[in-house]
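The chain contents come next:
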Amino acid sequence: MTILCFVAKPSPERGERPRKENHLMKVLIVEDDLDNARSVTEAAEDAGFETVTVHTGLEGVKAFETAAPDVVLSDLVLPDIDGIHVLEQLKKLDASVPV
């Protein structure tokens, strides 16, 4: 399991406001291996994060648009598009996403 991490900051262009201090950070997890996805999800939730977990790169891109995560953890090897392509798509949606 190789994971890429992208951190998304609130974007006024996407109509987002800065997170409140008491708001849980939301992590989008893109992992096709169900055991790995479950492990990463449990670890993130145990650490106090809200999670959204999907199993393909395209699902990850869609979830990024709808869930507005603070952090994206993506596997590199996915069944449809690889993690690098996921990154490219996220950058097209929000160029301010730091990598």
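Up top is the structure.
Calculation criteria
- Residues numbered from 1 in each chain as written.
- Predicted model: local features only at pLDDT ≥ 70, side-chain atom pairs only at ≥ 80, totals over all residues.
- Heavy atoms only, no water.
- Helix = DSSP H or I, 4+ residues; strand = E, 2+ residues; numbered from the N terminus.
- Buried < 20%, exposed > 50% of the residue type's maximum accessible area, 1.4 Å probe, protein only.
- Contact = heavy atoms within 4.5 Å.
- Patch = residues over 30% accessible without salt bridge, like charges linked within 9 Å, V, L, I, M, F, W, Y side chains within 5 Å.
- Areas by Shrake-Rupley, 256 points an atom, 1.4 Å probe, with all protein chains shown as cover.
- Salt bridge = Lys/Arg side-chain N within 4 Å of Asp/Glu carboxyl O.
- Lys, Arg positive; Asp, Glu negative; His and termini not counted.
- Charge placed at Lys NZ, Arg CZ, Asp CG, Glu CD.
- Arc of directions from axis to C-beta.
- Pairing = 2+ DSSP bridges.
- Right-handed = clockwise from strand over helix to strand, strands pointing away.
- Core = buried A, V, L, I, M, F, W, Y, C linked by side-chain atoms within 4.5 Å.
- Axes fitted to C-alpha atoms, helices over the stretch in contact; angles between N-to-C directions.
- Parallel < 35°, antiparallel > 145°, perpendicular 65-115°, else oblique.
- Left-handed = near helix turned anticlockwise from the far one by under 90°.
- Nonpolar A, V, L, I, M, F, W, Y, C, P; charged D, E, K, R; others polar.

1. Considering the overall build of the protein chain
Scanning the protein chain for helices and strands turns up three helices and four strands. Reading the protein chain from its N end, one meets helices and strands in the order β-β-α-β-α-β-α. Counting all 99 residues of the protein chain, 40% fall into the buried class. In the protein chain, the proportion of contacts linking residues at least 24 apart, taken out of those at least 6 apart, comes to 71%.

2. Things to note about a negative patch on the surface
On the surface, Asp32, Asp33, Glu59 and Asp80 cluster together to form a negatively charged patch. Position of Asp80 among the secondary structure elements: in the loop between strand S4 (71–75) and helix H3 (83–93). Overall, the relative accessible area of 34% leaves Asp80 in the partly exposed class.

3. Notes on helix H2 (residues 57–67)
If you check which residues of H2 are buried, you get Gly57, Gly60, Val61, Ala63, Phe64 and Ala67. End-on, the buried residues of H2 take up no more than an arc of 165°, which puts them together on one face. The exposed residues of H2 that point more than 90 degrees off its buried face are Lys62, Glu65 and Thr66. Looking at the buried side of H2, the elements it contacts are strand S2 (26–30), strand S3 (50–54), S4 and H3. Positive backbone phi, approximately 50°, marks Ala68, located one or two places after H2.

4. Considerations on the environment of Val52
Along the chain, the position of Val52 falls in strand S3. In this structure, the C-alpha to C-alpha distance between Val52 and Thr41, residues 11 residues apart in sequence, is 8.2 Å.

5. Describing the pairing of S3
Regular strands show a simple pattern: their side chains alternate between the two faces of the sheet. The pairing of S2 with S3 spans five bridges and is parallel. Among the inter-strand pairings, Lys26 is bridged to a residue of S3, identified as Glu50. Tracing the backbone out of S2, into helix H1 (residues 34–46) and back to the parallel element S3 gives a crossover that is right-handed.

6. A short note on the nonpolar core
For soluble globular proteins, nonpolar side chains are generally found buried alongside one another. In this structure, Leu28, Val30, Val54, Val61, Ala63, Phe64, Val72, Leu78, Ile81, Val86 and Leu90 together form the largest nonpolar core, which totals 11 residues. Where this core is concerned, the elements lending two or more residues are S2, H2 and H3. Here the element with the most residues in this core is H2; it accounts for three residues. In contact with Val61, not counting residues within four places along its chain, are Val86, Gln89, Leu90 and Leu93.

7. Topic: the packing of H2 against H3
At a minimum axis separation of 10 Å, H2 and H3 run at an interaxial angle of 25°. Regarding the angle of H2 to H3, the classification is roughly parallel. Seen along the crossing, H2 lies across H3 with a hand that is right-handed. Facing H2, whose interface residues are Gly57, Val61, Phe64 and Glu65, H3 presents Val86, Gln89, Leu90 and Leu93. Here the contact of H2 with H3 is composed, by residue class, of five nonpolar, two polar and one charged.

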